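Architecture at a glance
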Amino acid sequence: MNHLQFLALLPFIVLAMAAVVVILLIAFKQSHTVIQVTGFLMMCGVVFTMWYVRDTLPREIPPLLVVDGMAALFTGLIIFSVLVVGLLSYIYFEEREENPKEYYILLFLATLGSAVLTISRHFISLFIGLELLSVSLYALIAYLRNRNNAVEAGVKYLVLAALSSAFLLFGMALIYMETGSMEFTAIAKAVDTAGSSVLFIMGLGLIVVAIGFKLALVPFHLWAADVYQGAPAPVTAFIATVSKIGVFAVLVRFATAIHLQQNALAVTIFTVIAIACMIVGNVLALMQQNIKRLLAYSSIAHFGYLLVAFLSGDAGVGAGVFYLLAYSITLLSAFGIITLLSTRRRDADELSGYRGLFWRSPLMAAIFTVALLSLAGIPLTAGFPAKFFVLTAGVQEHKWLLAVVLVLTSVIGLFYYLRIISTLFAAPPLIPIKERSLHPFFYFATYTSLVVLMCLLAWIGVYPGFIVENVREFLNI
Amino acid sequence: MILVLMIAILLLGGIVCWLVAQRNALVGRWIALIAVITAFAMPLGWYLRHTPAITAGNNWMIDYQANWIPSFGISFHLAMDGLGFIMILLTFLLGVLSVLCSWNEIRERSGFYFFNLLWTLAGIAGVFVAMDLFLFYFFWEVMIVPMYFLIAIWGDFNRRYAAYKFFIFTQTGGLLMLLAILALYFIHGEQSGGHYTFDYFALLNTTLTGSTGRWIMLGFLIAFVIKLPMVPLHNWLPDAHSEAPTAGSLILAGLLLKTGAYGIIRFVLPLFPEASADIAWWAMLLGVVGIVYGALLAFAQTDLKRLIAYTSVSHMGFVLLGAFAFREIALQGVVMQLLTHGVSTGALFVLAGMLKERLHTRDINQMGGLWTNMPHMGALAMVFVMASLGLPLLGNFIAEFLILIGAFAVSPVLTVIASAGLVLSALYSLRIVQKVFMGQQQVVADPPVDLSVREWIIMACLTAAIIFLGLYPQPVFDLVKGYIGQLARL
């Protein structure tokens, strides 16, 4: 490994060090606050090194990794999400868990896994990244082990994720058997010369199953609602954003390498999956009374929309990145509100608990409303340009069926977002004010960051040009 | 620039009003009123200074363009011609009145209320001046969200249902329109050799063939006829109108419906002349169905606001009939109809709101003999009821007359049926006066009081407007002559 390759990997090394540093801090019996602040600074360090090395990109580190503009973009998105999740975690776990410190080791390891996915160009690194992510998530989901549904969710995720890993390995093995390589470009070359055989297609199908599990695509979505509901609110936010971004990144890289979008069969399969996601996700969310479950189903629908961009090939990558960015900010602010409203015993996931929130605490309700409007894709929020760009990509590639389904299902989606919003604005019941035991600084910090997120949503919604230009620039690296 | 300022004042005024009203509700109300009046004064003052240029045939009076998202060919393009100016005028006239008529009606959370009111107005004003299709869609959606809140929070008993229905109907249409806009964008881009843009004037040059053109046109048309509304897509309207607060009904009937009609005149007809000619007969048929059906349903209602809502369905049928007749005279009538319907139906909703404030009911069976206690209100109601049934001297007569003349040349049968609808309109209109103001007086403990000064101001403005339009409609014709003339030549 030469100097430049080392430089390109520096952000990921800093990220890996973050977990180690947290272990050391725990060994020296530092407080939760110290760990939190250190973690925050380490993440800032990752962003800083990424910025520092950006001129040396793109750089290949054969055979496993490649650090290019797309990787930088997705990693940046992941780190940004983790920063917010970390902040939310502090007030959440400080209140509920006598032992919140190890949580951060797992959080950073999972982040590392997700980041490795964004730079992998080889089945080995893909698998390592995915396992790093999944194994940390098993523990993270069941972290509040005194709660029944947390343990249930953890076990459910464990079983299904292990199963999907098995599928993934088998698929990789089949492809390796057919092409003699595990590197994406080499696979593509082998397929180009020899044509795709039955076994290759089968291997591809098995990989799609595994990826579908991780992204909670229909029909592999059955775990999503239970895990979203059972996991602690910040972890749910993590699953919904960081883990899915990483998996989506590697999917894009793999698909681009082997020209998946030109394979008629694969396109048909993904089209069916996308349509199923949009319809099933939105329909199942309609009657949900539990906000976390509702967001689980809505995220299934949103990945259906994202697949529309994915299927549009090169034109869609920029749209997909933009969509993920808008979606992450939106979901993080929604989960931020859920975290802030959660009580010591249970998460604030019942819709009835949100009744009249606007009249009790206007700021929180405003943030939540903006987030929901953004999910629904209403102008003035980031969700609108995001959906617009996805539609643009779809129409450009003449994916009319997908575009029409997207439009019709987002009308269904509108219904349940509006249901939450109208609950927020309904006449308030009498509810005792929640006691606050923590240092006010962290509430202040969380509030501030949520307000910043809301402003970001509005800013991107009104002026998406800046982001579009930058995304384009990065993708061209 | 003046157009940008006009919209910005409304948006900023809304925010300031919300913040201030938390401390002092009265100051908040004044801020809202001043913001709308200022925004009103800007285009009006501009017009008074520049009258000669307009009559000289300078079609586009103001044009402002700035880059927004250049990589997608999206620009912040606002422009105003005679048609736009008239719609803006109507918007702000009704805007000022809607602030005035919610002066005492809204007691709770008035800051947020006026915020929503002003943002709705800003969205509507934006729709009337946006000349970039992306921007147009943007404003189209911006006006829906605050309107949703107006209905959902300050509406009547069944408000949540009505608000949902309103939002989902309009959003469905809106998204279909977005698809159509995108399709148009790419077709134009390919035709012009890679010059991708959402600009209205550039897209006008797109040539569309056969079925492609028809599909894209339908995407636009569905969005607009849902707003208009056309039977059978009118379902949301009675609920939304009857449940909304008075100002909400005023804006819905007076302005939101007009955005649909405006969309047809501004976008559907010039962008897709051939495709619209293909479906013209069907559109006129549905317009006539709307005229008769709306009138019949209006006659059957006992809820005063629902009754007035169905009269809108009937009147908007004339718009559809006139717009798809493709005759200059009919199109002039359509523009006239937009104005006069906005004023007269708006006035009826304001009256219904005043009655509800006094009697706490919308059921006309519980009213009756109110003329005794409120002669002034009765007389004013008489004026607008007469306007609604198309009495000469009042604006609606001119509009409907012109539309019928224009349509007659195209399809005599449909026009004859539409004229029969006018007879029906006399039925339901007179029923309002008879049931509410005449007849047996209801015995109530405290008799309702007649109009206050504030209410007098509102009604005086509307009365003056409707009589002026009835006696001297020429300025309106002059203003839109350029645009309508172009349209009729297509």
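These numbers were taken from a predicted model, which means no experiment stands behind them. (Residues numbered from 1 in each chain as written. Chains lettered and ligands numbered in written order. Predicted model: local features only at pLDDT ≥ 70, side-chain atom pairs only at ≥ 80, totals over all residues. Heavy atoms only, no water.)

Quick notes on the overall build of chain A
A count of helices and strands for chain A gives 19 helices and two strands. A compact globule built from 477 residues would reach a C-alpha radius of gyration of about 23 Å, and chain A, at 21 Å, matches this within 12%. Considered along the principal axes of its C-alpha atoms, chain A spans approximately 70 × 55 × 40 Å. Looking at chain A as a whole, 64% of its 477 residues are labelled buried. A separation of at least 24 residues holds for 80% of the contacts in chain A among residues at least 6 apart in sequence. Within the structure as shown, chain A displays about 16900 Å² of accessible surface, and the carbon and sulfur contribution to it stands at 70%. Side chains of chain A give 26 positive and 22 negative charges; the mean places of these two sets differ by 8 Å. (Helix = DSSP H or I, 4+ residues; strand = E, 2+ residues; numbered from the N terminus. Rg over C-alpha atoms; globule rule 2.2 N^0.38 Å. Buried < 20%, exposed > 50% of the residue type's maximum accessible area, 1.4 Å probe, protein only. Contact = heavy atoms within 4.5 Å. Areas by Shrake-Rupley, 256 points an atom, 1.4 Å probe, with all protein chains shown as cover. Lys, Arg positive; Asp, Glu negative; His and termini not counted. Charge placed at Lys NZ, Arg CZ, Asp CG, Glu CD.)

Focus on the overall build of chain B
Each helix and strand counted, chain B has 20 helices and two strands in total. Taken over C-alpha atoms, the radius of gyration comes to 22 Å for chain B, in line with the 23 Å a tight globule of 490 residues would show. Taken along its principal axes, the extent of the C-alpha atoms in chain B is 75 × 60 × 45 Å. With 490 residues in all, chain B has 65% of them scored as buried. When the accessible surface of chain B is summed, it comes to about 16400 Å², and 66% of that surface belongs to carbon and sulfur atoms. Averaging the coordinates of the 23 positive side-chain charges in chain B and doing the same for the 22 negative ones gives two points 5 Å apart.

Details of the packing of aromatic side chains
Summed over the entire model, instances satisfying the criterion amount to 74 aromatic pairs over all chains. Relative to B:Phe134, the ring of B:Trp68 lies with its centre 5.4 Å away and its plane at 70°, an arrangement referred to as edge-to-face. Residue B:Trp68 is located in strand β1 (residues 60–69), and its partner B:Phe134 is located in helix α6 (residues 133–142); the two are separated by 66 residues in the primary sequence. By the burial criterion, B:Trp68 is buried, and B:Phe134 matches it. Owing to a relative accessible area of 6%, B:Trp68 belongs among the buried residues under this scheme. Lying across the ring of A:Trp359, B:Arg109 places its NZ or CZ 3.6 Å from the centre. B:Lys227 extends its terminal NZ or CZ atom over the ring of B:Trp140, reaching a point 3.9 Å from the ring centre. (Phe/Tyr/Trp six-rings, centres within 6.5 Å; stacked < 30°, edge-to-face > 60°. Lys NZ or Arg CZ within 6 Å of the ring centre and 35° of its normal.)

Considerations on the packing of helix α3 (residues 69–96) of chain A against helix α13 (residues 314–341) of chain A
All names here are of chain A. α13 packs onto α3 with a crossing angle of 5° between their chain directions and a minimal axis gap of 11 Å. In terms of axis orientation, α3 runs roughly parallel to α13. In this structure, α3 contributes Met 70, Leu 73, Phe 74, Leu 77, Phe 80, Ser 81, Val 84, Val 85, Leu 88, Ile 91, Tyr 92 and Arg 96 to the contact, and α13 contributes Val 317, Val 321, Leu 324, Leu 325, Ser 328, Ile 329, Leu 332, Phe 335, Gly 336, Thr 339 and Leu 340. (Axes fitted to C-alpha atoms, helices over the stretch in contact; angles between N-to-C directions. Parallel < 35°, antiparallel > 145°, perpendicular 65-115°, else oblique.)

Some details on the interface of chain A and chain B
If you look at the interface, chain A gives 38 residues, while chain B gives 33 residues. Approximately 3400 Å² of surface area, both sides summed, lies buried where chain A meets chain B, with 82% of it carried by carbon and sulfur atoms. Here chain A is connected to chain B by zero salt bridges. Taken together, chain A and chain B are joined by four residue pairs in polar contact (both at pLDDT 80 or more). Elements with a minimum of two residues in the side of chain A that touches chain B: α14 (357–360), α15 (362–376), α16 (383–396), α17 (400–424), α18 (440–462) and α19 (465–476) of chain A. Per-element accounting of the side of chain A that touches chain B gives the leading share, 13 residues, to α17(A). Of the residues contributing to the side of chain A that touches chain B, the split by class is 26 nonpolar, eight polar and four charged. (Buried area = accessible area lost by both parts, 1.4 Å probe. Salt bridge = Lys/Arg side-chain N within 4 Å of Asp/Glu carboxyl O. Polar contact = N/O pair within 3.5 Å; in protein donor to acceptor, adjacent residues only side chain to side chain. Nonpolar A, V, L, I, M, F, W, Y, C, P; charged D, E, K, R; others polar.)

Here's the deal with the confidence of the model for chain B
Averaged over every residue, the pLDDT of chain B is 89; the share at 70 or more is 98%. Confidence scores differ between elements of chain B, with helix α3 (residues 51–55) of chain B showing the lowest mean pLDDT of 62 and helix α5 (residues 110–129) of chain B the highest of 93. (pLDDT = per-residue confidence, 0-100.)

Description of the side chain of B:Ser312
Residue and element names in this part refer to chain B. Its location among the elements puts Ser 312 in helix α14 (residues 304–323). Looking at Ser 312, the relative accessible area reads 0%, which means it is buried. Leave out the neighbours within four places in its chain, and Ser 312 touches Ala 253, Leu 257, His 341 and Thr 345.

Considering the nonpolar core
Most often, soluble globular proteins keep nonpolar side chains buried together rather than apart. Of all hydrophobic cores here, the largest spans 406 residues; its most connected members are A:Phe310, B:Phe220, B:Ile264, B:Phe324 and B:Met459. Once residues within four sequence positions are removed from consideration, B:Phe324 is found in contact with B:Leu221, B:Ile264, B:Val268, B:Leu269, B:Ser276, B:Ile279, B:Ala280, B:Ala283 and B:Met284. (Core = buried A, V, L, I, M, F, W, Y, C linked by side-chain atoms within 4.5 Å.)

Digging into the pairing of strand β2 (residues 74–81) of chain B
Residues and elements named next belong to chain B. Counting buried positions along β2 yields seven of eight residues, so the element is predominantly enclosed. Bridge count for β1 against β2 is eight bridges, and the pairing is antiparallel. Within the sheet, the bridge partner assigned to Asp 63 lies in β2 and is Ala 79. Between β1 and β2, which pair antiparallel in sequence order, lie four residues; one of them, Gly 73, sits at a positive phi of approximately 65°. (Pairing = 2+ DSSP bridges.)

Considerations on the pattern of salt bridges
Pairing between side chains of opposite charge can happen when their charged atoms approach one another. Taken as a whole and judged by the stated rule, the model has 15 salt bridges over all chains. For A:Arg293, the salt bridge goes to A:Asp226, with nearest N and O atoms at 3.0 Å. Of this pair, A:Arg293 sits in helix α12 (residues 291–311) while A:Asp226 sits in helix α9 (residues 222–230); the two residues are 67 residues apart in sequence, bridging distant segments of the chain. What makes A:Arg293 buried here is its relative accessible area of 18%. Several salt bridges share partner residues, and in doing so they unite B:Asp156, B:Glu243, B:Asp303, B:Lys356 and B:Arg362 into one network.

Overview of the environment of B:Ala418
Residue and element names in this part refer to chain B. By secondary structure assignment, the location of Ala 418 is in helix α18 (residues 412–436). Linking Ala 418 and Ile 62, residues 356 residues apart in sequence, is a C-alpha distance of 38 Å. Aside from chain neighbours lying at most four places away, what touches Ala 418 is Val 288, Ile 291, Phe 318, Leu 321 and Leu 404.

Brief notes about the side chain of B:Asp239
Relative to the assigned elements, B:Asp239 resides in helix α11 (residues 236–243). Every residue in contact with B:Asp239, bar those within four places of it in the chain, is listed here: B:Tyr161, B:Ala162, B:Lys165 and B:Arg306.

Quick look at a nonpolar patch on the surface
There is a patch of nonpolar side chains on the surface, built from B:Leu393, B:Ile467, B:Phe468, B:Leu471 and B:Tyr472 and spanning about 520 Å² of accessible area. Mapping B:Tyr472 onto the fold places it in the loop between α19 (453–471) and α20 (474–489). (Patch = residues over 30% accessible without salt bridge, like charges linked within 9 Å, V, L, I, M, F, W, Y side chains within 5 Å.)

Examining unusual backbone geometry
A negative phi angle is the norm for most residues apart from glycine, just as the trans form is the norm for most peptide bonds. Backbone torsion omega between A:Pro62 and A:Pro63 reads 0°, so that peptide bond is classified as cis. Along the chain, the position of A:Pro63 falls in the loop between β1 (59–61) and β2 (65–67). Residue B:Val231 is joined to B:Pro232 through a cis peptide bond whose omega torsion reads 5°. Mapped onto the elements, B:Pro232 comes out in the loop between α10 (210–227) and α11. A positive phi angle, close to 55°, is found at A:His259, a residue other than glycine.

Observations concerning α13(A)
Between its terminal C-alpha atoms α13(A) stretches 41 Å, which fits the 40 Å expected from 28 residues at 1.5 Å a residue. Counting buried positions along α13(A) yields 24 of 28 residues, so the element is predominantly enclosed. (Expected span 1.5 Å × (residues − 1).)

A few points about the packing of helix α1 (residues 3–27) of chain A against helix α4 (residues 102–119) of chain A
All names here are of chain A. Packing of α1 against α4 brings their axes to within 9 Å, and their N-to-C directions diverge by 165°. Of the possible angle classes, the one that applies to α1 and α4 is roughly antiparallel. In this structure, α1 meets α4 at a crossing whose hand is left-handed. Here α1 contributes Leu 9, Phe 12, Leu 15, Ala 16, Ala 18, Ala 19, Val 22, Ile 23 and Ile 26 to the contact with α4, which in turn contributes Glu 102, Tyr 104, Ile 105, Phe 108, Leu 109, Thr 111, Leu 112, Ala 115, Thr 118 and Ile 119. (Left-handed = near helix turned anticlockwise from the far one by under 90°.)

Digging into helix α6 (residues 148–179) of chain A
With 32 residues, α6(A) extends 46 Å from end C-alpha to end C-alpha; this agrees with the ideal 46 Å at 1.5 Å per step. Looking one or two residues past α6(A), A:Gly180 carries a phi angle of roughly 75°, positive in sign.

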